[in-house]
Amino acid sequence: MNYSVDANGYYGEFGGAFIPEMMVPNIEDLRENYLKILEDPEFKSEFNTLLKDYVGRPSPLYYAKRLSAYHRTEVYLKREDLNHTGAHKINNTVGQILIARRLGKTRIIAETGAGQHGVAAATVCALMGLQCVVYMGKLDVERQEPNVLRMKMLGAQVVPVLSGNMTLKDATNEAIRDWINNPVDTHYIIGSVVGPHPYPDLVTRLQSVISEELQWQLQEKTGSPDPDYIIACVGGGSNAAGAFYHYLDNDSVKLVAVEASGKGIDSGESAATMVLGRTGIIHGSRTMLMQDDDGQILEPYSVSAGLDYPGIGPMHSHLYKVRRVIFEHATDDEALEAAFRLTRLEGIVPALESAHALAVLKKRKFGEKEVVVVNLSGRGDKDMAAYMNYMNDHQLF
Ligand SMILES: *Cc1c(COP(=O)(O)O)cnc(C)c1O
């Protein structure tokens, strides 16, 4: 494959493993073993059985008739929102918990933004009887209460993080700190295609089940495995990486990644890394990063807690640079409007993150006969408070 990670963990100029010495043994252990484990028939069989019987895969590919009529194009939704725990995150945590067990680990740590990855990590820890600690920015703890309660019910310890702007970046810093202090018994389940090599590649491979299914589902529904477009939102980029993976070498399929531009690109309150960022190092990898002139990381903002991350996975930085992926962005308001449109036309309440991908159906022009797949990364139950505010503001009651 043209866009695969190289032997040193790089995608072009991006990636690598910029880590403190104390973390090297854990990362080396993972790097030496992950491909062997992923290719082991026993792992594959266990992983696939859990994806089928526990997660509920394959997730349906749904032809959205009324949404298609509205946008005058053929819209298909890849329903990751119907997975157990309500988002794509569970694909990754099921895979990583099986890897953690094979590496002899008994304690799991994770970071979370909107709480979906924390819930997915807490879920697989309950399933396997492992201890689970989830780091979460204090602001996110407050704005994503339902997911905090779910994690607690699942038996996880939720640690509120008070540094920085108290969101995802700060939670990730804290999880890394924990791993350095607990190098022997602990595995860190990163929730996206970020972090030092081999995480971006590992998480991409575990999420690639999305595009693997898309190929035969599209063949069944449209007579061709190839759509014209695949659209996915990007925080760190894992649902996009999974939805793009099996199409990366197929140039006839246009791939669109959608970042959150918050209150607007120039508002100073945004998370559009590709527009506002330049190359830097965050959480162990060289990638595009929002930073000031002195290289200090800028605090990102989005109404959606799963997208307000100042960096992006290194594979996406490369795909942007070589122009394989088109980068778009959507504001809070555009995403909220798109969420209500989907809900009222199709009876599906999307996650706020996924609503950013849906917003592009209005922002870009698509042909009437073009097949456009939107990866519906998660469901919107956790975002009811934001949706109710929007209803009040726009007198939708
Ligand atoms: C976490 C999350 C995202 C953002 O993470 P990616 O790694 O970019 O996919 C998007 N959608 C939902 C529903 C999420 O929970």
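Small disclaimer: the values here were computed from a predicted structure and weren't measured.

For the rest of this paragraph, the subject is the pairing of strand 10 (residues 254-262). Most of strand 10 is tucked away: eight of the nine residues are buried. Note that the unit made of strand 9 (residues 229-233), helix 11 (residues 238-244) and strand 10 has a crossover that is right-handed. The pairing of strand 10 with strand 13 (residues 325-331) spans seven bridges and is parallel. Looking at strand 13, one finds that Val256 is bridged to Ile326.

Right, let's get into helix 13 (residues 314-321). Burial analysis of helix 13 places six of its eight residues in the buried class, the great majority of the element. All of the buried residues along helix 13 are Pro314, Met315, His316, Ser317, His318 and Leu319. Count one or two residues on from helix 13 and you reach Arg323, which has phi positive near 60°.

Let us now look at the domain arrangement of the chain. We note that the domain assignment places domain 1 (21-51 + 89-203) and domain 2 (58-86 + 208-393) within the chain. With centres defined by C-alpha atoms, the gap from domain 1 to domain 2 works out at 23 Å. The interface is formed by 30 residues belonging to domain 1 together with 32 residues belonging to domain 2. With both chains or domains summed, domain 1 and domain 2 bury close to 2,300 Å², and 57% of this area falls on carbon and sulfur atoms. For domain 1, the biggest contributors to the area lost against domain 2 are Arg143, Lys169 and Val193; these three give 22% of the whole. Taken together, the connections running from domain 1 to domain 2 amount to two salt bridges. Between Lys169 and Glu299 there is a salt bridge, with the nearest N and O atoms lying 3.4 Å from each other. Those elements that provide at least two residues to the side of domain 1 that touches domain 2 are helix 4 (89-102), helix 5 (116-128), helix 6 (138-143), helix 7 (145-153), helix 8 (168-181) and helix 9 (199-207). For the side of domain 1 that touches domain 2, the class distribution of residues is 12 nonpolar, 14 polar and four charged.

This next bit is on unusual backbone geometry. Cis rather than trans, the peptide bond between Arg57 and Pro58 has omega equal to 0°. Relative to the helices and strands, Pro58 is located in the loop between helix 2 (41-55) and strand 3 (61-63). Residues other than glycine seldom take positive phi values, yet Arg72 does so here, at roughly 55°. Along the chain, Arg72 turns up in the loop between helix 3 (65-71) and strand 4 (74-79).

Attention now goes to the side chain of Arg324. Its location among the elements puts Arg324 in the loop between helix 13 and strand 13. Of the residues examined, Arg324 reaches a relative accessible area of 8% and is grouped as buried. Of note is the side chain of Arg324, whose polar atom sits 2.9 Å from the backbone oxygen of Asn250. The contact partners of Arg324, leaving out residues within four places of it in the chain, are Tyr3, Tyr247, Leu248, Asn250, Asp251, Val253, Leu255 and Leu319.

Following the criterion strictly, the structure yields 26 salt bridges and no others. One salt bridge in this structure joins Glu46 and Arg102, with 3.3 Å as the shortest N-O distance. With Glu46 in helix 2 and Arg102 in helix 4, this residue pair connects regions lying 56 residues apart in the sequence. Owing to a relative accessible area of 31%, Arg102 belongs among the partly exposed residues under this scheme. Put simply, Glu328 and Arg364 hold a salt bridge, and the shortest N to O gap is 2.9 Å. With Glu328 in strand 13 and Arg364 in the loop between helix 15 (352-363) and strand 14 (371-376), this residue pair connects regions lying 36 residues apart in the sequence. Classification of Arg364 as partly exposed rests on a relative accessible area of 24%. Taken together, the shared-partner salt bridges connect Arg57, Lys78, Glu80 and Glu213 into one network.

Turning next to empty space enclosed by the protein. Rolled over the atoms, a probe as big as a water molecule pinpoints where empty space is left. Under the defined criterion, the tally for this structure stands at four cavities of 30 Å³ or more. In this structure, the largest cavity occupies an estimated 350 Å³ of space. Elements with a contribution of two residues or more to the lining of the largest cavity: strand 5 (107-112), helix 5, helix 8 and helix 11. Of the residues belonging to the lining of the largest cavity, the class tally is nine nonpolar, 17 polar and four charged. Two domains each provide a minimum of three residues to the lining of the largest cavity, namely domain 1 (21-51 + 89-203) and domain 2 (58-86 + 208-393). Here the second largest cavity defines a volume of roughly 70 Å³. If you go around the second largest cavity, the residues you meet are Met1, Tyr3, Ser4, Val5, Tyr11, Asp201, Thr204, Arg205, Tyr245, Leu248 and Met315. With three residues, helix 9 is the single largest residue contributor to the lining of the second largest cavity. For the lining of the second largest cavity, a count of residues per class yields seven nonpolar, two polar and two charged.

A few words now on the packing of aromatic side chains. This structure, assessed with the given rule, holds nine aromatic pairs. Each ring, one from Trp179 and one from Tyr188, has its centre 6.0 Å from the other, and the planes form 75°; the classification is edge-to-face. Here the two residues Trp179 and Tyr188 agree in accessibility, since each one is buried. Ring geometry for Phe340 versus Tyr387: centroids 5.8 Å apart, planes at 80°, classification edge-to-face. Placement of Phe340 in helix 14 (residues 332-346) and of Tyr387 in helix 16 (residues 384-393) is noted, with a sequence separation of 47 residues between them. Exposure class is identical for Phe340 and Tyr387. Each is buried. Site record: aromatic cluster; members linked through ring pairs are Trp179, Tyr188 and Tyr199. Over the aromatic face of Tyr301 sits the side chain of Lys263, whose NZ or CZ is 5.0 Å from the ring centroid.

What counts and what doesn't
Residues numbered from 1 in each chain as written. Predicted model: local features only at pLDDT ≥ 70, side-chain atom pairs only at ≥ 80, totals over all residues. Heavy atoms only, no water. Buried < 20%, exposed > 50% of the residue type's maximum accessible area, 1.4 Å probe, protein only. Helix = DSSP H or I, 4+ residues; strand = E, 2+ residues; numbered from the N terminus. Right-handed = clockwise from strand over helix to strand, strands pointing away. Pairing = 2+ DSSP bridges. Domains from an automatic or database assignment. Contact = heavy atoms within 4.5 Å. Buried area = accessible area lost by both parts, 1.4 Å probe. Salt bridge = Lys/Arg side-chain N within 4 Å of Asp/Glu carboxyl O. Nonpolar A, V, L, I, M, F, W, Y, C, P; charged D, E, K, R; others polar. Polar contact = N/O pair within 3.5 Å; in protein donor to acceptor, adjacent residues only side chain to side chain. 1 Å grid on protein atoms, 1.4 Å probe; cavity = no way out; pocket = protein on both sides within 12 Å on 5 of 7 lines; lining within 4 Å. Points joined across faces, edges and corners; volume = space filled by probe spheres on them. Phe/Tyr/Trp six-rings, centres within 6.5 Å; stacked < 30°, edge-to-face > 60°. Lys NZ or Arg CZ within 6 Å of the ring centre and 35° of its normal.

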